[in-house]
Amino acid sequence: MIRTVEAPAHVSAPVLAAYSYCETVTGQQARNFAYGIRLLPTPKRRAMSALYAFSRRVDDIGDGALPGEMKAARLAETRAVLARVRRGEVDEDDTDPVAVALAHAARLFPIPLGGLDELIDGVQMDLRGEDYETWDDLKVYCRCVAGAIGRLSLGVFGTEPGARGTERAAGYADTLGLALQLTNILRDVREDAQGGRTYLPADDLAKFGCSAGFAGPVPPPGSDFAGLVHFEVRRARALFAEGYRLLPLLDRRSGACVAAMAGIYRRLLDRIERDPGAVLRGRVSLPGHEKAYVAVRGLSGLDTRHVARRAVRRRP
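Attention in this report is confined to the structure presented alongside it. (Residues numbered from 1 in each chain as written. Predicted model: local features only at pLDDT ≥ 70, side-chain atom pairs only at ≥ 80, totals over all residues. Heavy atoms only, no water.)

We now examine the pattern of salt bridges. Tallied over the full model, the rule gives 25 salt bridges. With its nearest N and O atoms 3.4 Å apart, the salt bridge here joins Arg283 to Glu191. In this pair, Arg283 sits in the loop between helix 13 (278–281) and helix 14 (288–300) while Glu191 sits in helix 9 (residues 189–194), placing the two residues 92 residues apart along the sequence. With its nearest N and O atoms 2.4 Å apart, the salt bridge here joins Asp275 to Arg281. By relative accessible area, Asp275 is classed as partly exposed at 30%. Through salt bridges that share partners, Arg79, Arg86, Asp117 and Asp121 make up one connected network. (Salt bridge = Lys/Arg side-chain N within 4 Å of Asp/Glu carboxyl O. Helix = DSSP H or I, 4+ residues; strand = E, 2+ residues; numbered from the N terminus. Buried < 20%, exposed > 50% of the residue type's maximum accessible area, 1.4 Å probe, protein only.)

If you want it as structure tokens, here you go:
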């Protein structure tokens, strides 16, 4: 039996408008994410859109062109909005639609809003220009910006009842978040380098002769860039294999949502593995028809059943 929370029959017009705003933001700015959450029942889809819209606001501050001190001020303002939501001070008459939608979602579902604080912490790490010497160092950042989102999502999805089910699901969601974020890092390696940021661990870069960076469309002279990418792809695949064990712990449609989003990123990883240099030439993406296929596969339960069978075979 999966724990879930049923939506009330009536949602006021101001709250519906706030959710509509968040769904528009999600549809326009997060195509991969949107393909997954459209598989959810309406209350859960709306709640996930609210989480995304707030997260997008945080990311846009970090990625924007404002001076560092102004970014820090904006992040502080955003954290203050989150604190108001957490204290129950945001009602349907508030002028911030994202805050209105998030506050309603947090009343409807047991969302651990502290995860959004972690996301802000991760963007502050970007503002400080932190480097990551080892994979263990990078995992701290990934858990802030992606693992926290996985844990937030579990509040909407619901998990097996009992502390053990919740603990297992949270661990798998965290690992799946690491897999998604590492895939993002590989996909965006050139774009990040042009913005003065390098996320891949320094010891991995040194191992493959890539410490000089990736600002151009070709690998650094004398480097084994393909070797670096394949090394990180193997790491991501191991994380996906562990994180996919979350799927049998979710209800059918929540599992389909996760399977669709994760499936899209796994296919991105396949493309990157086949042509490592592609990430230096432009942004690797999937066509819409392929994303739709992955979503249908997720809704059909193929990925969930596959993971469940593998889990049974691994039991002693």
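On we go from here.
One broad rule of soluble globular proteins: the nonpolar side chains tend to lie buried together. Core analysis: the biggest nonpolar cluster contains 98 residues, and Leu116 and Phe225 have the highest contact counts within it. When neighbours within four sequence positions are excluded, Leu116 is seen to be in contact with Leu51, Phe54, Ser55, Leu82, Leu102 and Leu152. (Core = buried A, V, L, I, M, F, W, Y, C linked by side-chain atoms within 4.5 Å. Contact = heavy atoms within 4.5 Å.)

Here we come to the environment of Tyr199. The topology assignment puts Tyr199 in the loop between helix 9 and helix 10 (202–207). Residue classification places Tyr199 among the buried residues on the basis of a relative accessible area of 8%. Tyr199 sits 57 residues away from Cys142 along the chain, and the two C-alpha atoms are 9.8 Å apart. A polar contact of 3.3 Å, which involves the side chain of Tyr199, links it to the side chain of Arg197. (Polar contact = N/O pair within 3.5 Å; in protein donor to acceptor, adjacent residues only side chain to side chain.)

Two elements in contact, helix 3 (residues 42–63) and helix 6 (residues 114–127), have axes separated by 9 Å at closest approach and are oriented at 15°. One element, helix 3, and the other, helix 6, form an angle in the roughly parallel class. Of the two possible hands of crossing, helix 3 and helix 6 adopt the one that is right-handed. Residue-level contacts link Leu51, Phe54, Ser55, Val58, Asp59 and Gly62 of helix 3 to Leu116, Leu119, Ile120 and Val123 of helix 6. Class assignment for the residues of the contact of helix 3 with helix 6 results in 7 nonpolar, 2 polar and 1 charged. (Axes fitted to C-alpha atoms, helices over the stretch in contact; angles between N-to-C directions. Parallel < 35°, antiparallel > 145°, perpendicular 65-115°, else oblique. Left-handed = near helix turned anticlockwise from the far one by under 90°. Nonpolar A, V, L, I, M, F, W, Y, C, P; charged D, E, K, R; others polar.)

Its 14 residues place the ends of helix 6 20 Å apart at the C-alpha level, agreeing with the 20 Å of an ideal helix rising 1.5 Å per residue. Gly115, Leu116, Asp117, Leu119, Ile120, Gly122, Val123, Met125 and Asp126 are the residues of helix 6 that are buried. Of the surrounding secondary structure, the elements contacted by the buried residues of helix 6 are helix 3, helix 4 (68–86), helix 5 (97–108) and helix 7 (135–157). Once helix 6 ends, the next one or two residues include Gly129, with phi positive near 70°. (Expected span 1.5 Å × (residues − 1).)

Once that is clear, we can look at the environment of Ala238. Looking at the element boundaries, Ala238 is found in helix 11 (residues 225–243). Among the residues examined, Ala238 registers a relative accessible area of 49% and is labelled partly exposed. The spacing of Ala238 and Ala179 is 59 residues in sequence and 8.2 Å in space, taken between C-alpha atoms.

Attention now moves to the side chain of Ser153. On the secondary structure map, Ser153 appears in helix 7. Within the structure, the side chain of Ser153 is placed 2.8 Å from the backbone oxygen of Ile149, a separation counted as a polar contact.

Orientation of helix 4 relative to helix 5, taken along the N-to-C sense of each, is 35°, at an axis distance of 9 Å. By crossing handedness, the relation of helix 4 to helix 5 is classed as right-handed. Of the residues in helix 5, those in contact with Val81, Leu82 and Val85 of helix 4 are Ala99, Leu102 and Ala103. A per-class count over the contact of helix 4 with helix 5 returns 6 nonpolar, no polar and no charged.

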